[in-house]
Every structure is written in structure tokens, then in C-alpha cells.
Amino acid sequence: MNFEITDNDIDLGKVKDLLFNSKNELTVSFSSQVKNRVKVSQENFEKWFEKKIPIYGVTTGFGESCYRTIDHNFSSKLQDNLVSYLMIGTGHNLNEDVGKFILFFRMVSLSRGFSGVSNELLENMRELFNKGIYPVIPREGSLGASGDLIPLAYLANNIRGKGEVYYKGSICDLEELVKAGLYNGYELKPKEGLALVNGTTAMEGLCFFNYRRSQFLTELAALCSSWLCISVNGRNEAFGKLVNEQSKKFYGQAYMASLITKIIDAEGYRGVSYEEIASSDGQTNHYVQDPYSLRCSPQVLGPIWETLGNIGGWLETEMNGVSDNPLFDQEGNLANGGNFYGGYLAHSMDYLKICMGNLADLMDRQLALLISDKTNRGLTPNLVYWENMSEEEKHLHHGLKGVHQNVSAITSEIMAKCMPNSIFSRSSESHNQDKVSLGMSAATQCFDQIETVFTVFACYLTCLVQAIDLRKVELKGEISQDIYKLVRKHVPMVKFDRALDKDIQSLRKALMKMANEKGTINV
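All of these numbers come straight from a predicted model, not from anything done at the bench.

1. What to know about the overall build of the chain
The helix and strand tally for the chain stands at 19 helices and 11 strands. Its C-alpha atoms give the chain principal-axis dimensions of roughly 95 × 50 × 45 Å. In the chain, which comprises 523 residues, the share counted as buried stands at 56%. A separation of at least 24 residues holds for 79% of the contacts in the chain among residues at least 6 apart in sequence. Summing over all exposed atoms, the chain offers an accessible surface of approximately 22200 Å²; the carbon and sulfur share of this is 51%.

Structure follows, in C-alpha cells:
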């Protein structure tokens, strides 16, 4: 499948479908309008270059060294030196998907006709992308302004024909692919090294990855809330239109309530009506309302869903924008600015971390309600399988008690990562970069947080399916059946105390795969 990059804005939803579902079969091309805009921008840059006046990062040093002039004859060498001295990244590598996104988003940014780069540079980037050659990028080292200098230096190095890359699912040396004739390498022209590294694209690629997975997890939380209601014989009017659409009109709350209702209705479940509740000796024979972790789940999940909507809007604007410096427009103007400051992306990940903390906490609270025989309304303690078990043996087993202990522990770790990164700005680079976004730091911490949230869901789903089987509920809805089968494929019913670590890890990986490939539970 080929995707043509034009001078029109790109829809984020379309990009999600293309980049996640293409399985490396996606190719890109540039429209004639894009090529013309790039050509005009480069020509306008060259006119300024020929005037032999100081141009930042072309005939001057970088950052605080911008007052130091560089001879025009060394401007190409300056670009090479920039890429080389910035290759000081540390930490784990970003995964192949994120490397792919970064290459794609950088092509889009440089194709907008404001960066003064050549069509030859874009063609080399396109060649790498179309051949499934993606950058291997260490995730540590970016201040988030001037953009992701250190991470993007690894992309620029690949364009030169050097460094490590992902190719056919493995990491290899690009020099070997060059020797094999898969790629020739490229010599950076004046301004092009700076245009490649001076942008927000590395954090954008990781933010995009986090965003999609978080959407999946939020939908999955709606399914979990539905299953909890069924498992504990909960009340379902809390998810109806009177509460969530008529009396209050937050669209996120209404949407999540409708998802919960859709899943419950597909099972034919109906809670006890008020008319059926009787009382004797001063007590009712059924609960008139449920604990907050169940009853208020639309009010918890709604703000998360709306925040994801805001994040998606910011990601789309960032993707279609230009984040390097200096800029050269179609009319020949030159301007130095700060579009490389990843403020919107930093805030998006800070907000998302708070959302994921709330999501994990909700699942932990729901699990606490489910696991205890004091609150699970007739289920066994810790969801132990007591069928055909003697009275003497019953109390020997502790079922899924350890699962909840694990969830409680890791939920606290998730919540500890909710502290926003953007407030920890540090003055750097001789106080030239005296206010920085730390957007990449926020994105990497959010990534780590989400990895652990998947563990929470693997544990909680294991317990929910156990409860459903103990109730002898036969799930009928397509969505519920799909997730039930996925859980049972990796975690058989727990009929006696046994190790569950490998089962949980297997289910966690399956949920991650589903999130990456589908991005939805098909609600």
C-alpha cells in the first residue's frame, strides 16, 4: 500500500491505521506540490546562504555558540560534526514501531516546505522507509528543546548510511546493508543536519505509540467494569442515560457508560429492580447501590477518554507542523523561532500519566471488591475453586490472593510515575537552553508506566474470568467472548494453588499484541 504525502494535513486516525496495520508493507511517496514546495524553500535558503551573512547552524555554531561564525566552505562539514557529536544517547533502545513512526513523522515535517532542505534528502528518507529500514534510537538524552537533538542524531546518522537499524525484525549495521547495495548513503547539505535533529519527532513517535495503547486500555477498562457488574450481581442503572446523558453531559462519561451498557446488554444481564428489593428486620435483601469503583466507573473513565481526545488533537497538529529552526517560507522570508520546544507533547504525556494512574487505581479497587468474600456477594474467598473439594481441603487453598497482592504493589509503582516531568525543566547548554520541555522524558516514563498497566489488566482479567466461571456465566456477546477466549488461552482456570507468573506474562504479551495490531477491543 502506498501513501502519498501531499500539502494537505494528514488525519491522525488514518495514520494510526496505516502505521500500525501495514506490517512493514506501507510505502510513501511525495506529491508534485510537496516536491515543488520543498524546492522553493531550498532555493530561498540558498539565496540567503549566498549572501554570506550569519545563518544560525549553517554559518554559525550551535546553541550558545551561535555567535561564533563558520566559513561557508565548511558548512557541510558542520552538519556532519553536529550529527557526530550528538551521538551520545544512552539507555534502552526505542522499539522498531517507534523507530518507524519517527522516520515517517520526520519526513512529513520536512516535506512542508519550511525547512530549506533538498528533495534529495527526502528521497533518501523515503528509500529507507519503503525498504523497511528504521532507525535504532537510544531513548535517553533529549531535553525536549531544541527538540530531540540526541535521539534524532541517530536517524540523521542512518541517512548518512551509518549506524544501527531495524531491518526485517532484527537489529543490524546499516553499513552492511550499504555494502549489499540496499542503500547508498547520503551526504548532508548545508542546513540538513540541523533540520533533521532540531525537532520534536522522537518524542512524537513515542507519544503516538503511548496514545494508541492507552486508548485500547481505556476501552478494556470499560469491559472489565461490565464484567465486574455481572460477576458481583451489580446494578446497571448507574450506566444508563438518565445518569450519564440527561443529568450531566460530558461526552467522555456518556461514551464510556454506553460502552459498559453495550457489553452488559449483550450478555442479557439485568440487575435487580428497585421494585424487587425488599426489607426485613431493618435491612434490605439487596444492595440499592454499588461501591464507587463500580458505580462511578463512567465518571472515572470519561475524563480519561476526553483527555485522550485532546492528546490526539495535539498529536495531529504536531505531526502536520514544522519543528526545526531556522525556517524559510515560500516567499523567501527567514525566521528563527522555537517550534522545536515540545511543550504540547510534554503536557500530553504528563496528562496521560495521570490518566493511566487513575486507570490502574480503578482496576485495583475493582479487583479488591471482587477478591474479598466480604464484598463479592457470594463468590468464594480469593475466588478459590471449591467445587468437589472437601471441607478439610477448602481452607488449604488461597486461590488468586497473590494476584491481588501483586496488583496492589505495582499499582503503587504506576501511581508514583504520575508526577509530571515538564515541571522539572533544567537550564542547560551554557544557559542557552534555559527552559526545556522534557517531553521525551515524559514520554519514556509514560511508556514504562503503560507497560506495567498491561500487567494490571492481565492480572485483573484473570480474576474476572475466574469469577465468571465460578458463577457459571456463559458469555454471549462477541466482544466478551473474544476477550474471554484470549484470557483462557493463556490462563486456564485456577482449580488449586499453583504458580501463575508465566500465565500472567503470556497473557500480558497477548494483550500488548492486540493493542498494537488492533488498537481496540472492537466495542
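So much for the structure itself; the text now carries on.
2. As for helix H1 (residues 12–21)
Those residues of H1 that fall on the buried side of the exposure criterion are Leu12, Val15, Lys16, Leu18, Leu19 and Phe20. On the buried face of H1, the contacting elements are strand E1 (2–5), helix H4 (96–110), helix H5 (119–130), helix H9 (201–231), helix H13 (297–320) and helix H19 (501–517). Between the side-chain oxygen of the N-cap and the backbone nitrogen of Gly13 there are 3.1 Å, and the N-cap of H1 in question is Asp11.

3. Focus on the state of the cysteines
Enumeration over the complete set of coordinates arrives at zero disulfides. For Cys446, which is in no disulfide, the shortest distance to another cysteine sulfur is to Cys207 and amounts to 7.7 Å. In this structure Cys463 is a free cysteine whose sulfur lies 7.1 Å from that of Cys459, the closest cysteine sulfur available.

4. Comments concerning the nonpolar core
Membership of the largest hydrophobic core comes to 149 residues, with the highest contact counts inside it found for Phe104, Trp227, Leu370, Phe457 and Leu461. Per element, the largest residue contribution to this core is 19 residues, and it comes from helix H17 (residues 439–470). Setting aside its immediate chain neighbours within four residues, Leu370 contacts Leu228, Ser231, Val232, Asn376, Leu379, Leu383, Tyr460, Cys463, Leu464 and Ala467. Ranked by size, the runner-up nonpolar core spans five residues in total, among them Phe45, Ile55, Val58 and Phe328.

5. Things to note about the packing of aromatic side chains
Within the structure shown, the criterion is met by 18 aromatic pairs. Centre to centre, the rings of Trp314 and Tyr344 are 5.3 Å apart; their planes meet at 75°, and the pair counts as edge-to-face. Placement of the pair is Trp314 in helix H13 and Tyr344 in helix H14 (residues 343–371), with a sequence separation of 30 residues. By relative accessible area, Trp314 is classed as partly exposed at 27%. Centre to centre, the rings of Trp314 and Tyr351 are 6.1 Å apart; their planes meet at 45°, and the pair counts as tilted. Placement of Trp314 in helix H13 and of Tyr351 in helix H14 is noted, with a sequence separation of 37 residues between them.

6. Regarding the pairing of strand E6 (residues 164–167)
Where strand E4 (residues 133–135) and E6 come together, three bridges link them in antiparallel fashion. Bridging from a neighbouring strand, Ile133 pairs with Tyr167 of E6. If you look at the hairpin formed by E6 and strand E7 (residues 170–173), you'll find two residues sitting between the two strands, and Lys168 has a positive phi there, around 55°.

7. Points about the packing of H4 against H9
Remark: H4 packs on H9, axes separated minimally by 8 Å, with the N-to-C direction vectors making an angle of 125°. If you check the angle between H4 and H9, you find them oblique. For the pair H4 and H9, the crossing hand works out as right-handed. For the pair formed by H4 and H9, the contact residues are Asp97, Val98, Phe101, Ile102, Phe105 and Arg106 on the first element and Thr201, Ala202, Glu204, Gly205, Leu206, Phe208 and Phe209 on the second. Split into classes, the residues belonging to the contact of H4 with H9 amount to eight nonpolar, two polar and three charged.

8. Some thoughts on unusual backbone geometry
Each neighbour pair has its own omega, and for Ala145 with Ser146 the value is 5°, a cis peptide bond. Structurally, Ser146 is set in the loop between strand E5 (138–140) and helix H6 (149–159). That bond from Asn325 to Pro326 is cis: its omega, 0°, falls within 30 degrees of zero. Considering the arrangement of structural elements, one finds Pro326 in the loop between H13 and strand E10 (327–328). Phi is positive for Arg377, which is not a glycine, with a value near 60°. Note that Arg377 resides in the loop between H14 and helix H15 (391–394). Assessed through its relative accessible area of 19%, Arg377 is described here as buried. One non-glycine residue with positive phi stands out, namely Lys472, at about 60°. Structurally, Lys472 can be placed in the loop between H17 and helix H18 (478–490). A residue is classified by how much of its surface remains accessible, and Lys472, at 58% relative accessible area, is exposed.

9. What to know about the pattern of salt bridges
A complete count under the given rule lists 18 salt bridges for this structure. For Arg126, the salt bridge identified is with Glu123, shortest N-O distance 2.9 Å. Of this pair, Arg126 and Glu123 are both found in helix H5, three residues apart, which corresponds to roughly one turn of the helix. The exposure class assigned to Arg126 is partly exposed, which follows from its relative accessible area of 25%. Here Asp364 and Arg365 are joined by a salt bridge, their closest N and O atoms 2.9 Å apart. Look at Arg365 and you get partly exposed, because its relative accessible area is 40%. Salt bridges sharing partners connect three or more residues here, namely Arg213, Glu451 and Arg508.

What counts, and where the lines are drawn
Residues numbered from 1 in each chain as written. Predicted model: local features only at pLDDT ≥ 70, side-chain atom pairs only at ≥ 80, totals over all residues. Heavy atoms only, no water. Helix = DSSP H or I, 4+ residues; strand = E, 2+ residues; numbered from the N terminus. Buried < 20%, exposed > 50% of the residue type's maximum accessible area, 1.4 Å probe, protein only. Contact = heavy atoms within 4.5 Å. Areas by Shrake-Rupley, 256 points an atom, 1.4 Å probe, with all protein chains shown as cover. Polar contact = N/O pair within 3.5 Å; in protein donor to acceptor, adjacent residues only side chain to side chain. Disulfide = S-S within 2.5 Å. Core = buried A, V, L, I, M, F, W, Y, C linked by side-chain atoms within 4.5 Å. Phe/Tyr/Trp six-rings, centres within 6.5 Å; stacked < 30°, edge-to-face > 60°. Pairing = 2+ DSSP bridges. Axes fitted to C-alpha atoms, helices over the stretch in contact; angles between N-to-C directions. Parallel < 35°, antiparallel > 145°, perpendicular 65-115°, else oblique. Left-handed = near helix turned anticlockwise from the far one by under 90°. Nonpolar A, V, L, I, M, F, W, Y, C, P; charged D, E, K, R; others polar. Salt bridge = Lys/Arg side-chain N within 4 Å of Asp/Glu carboxyl O.

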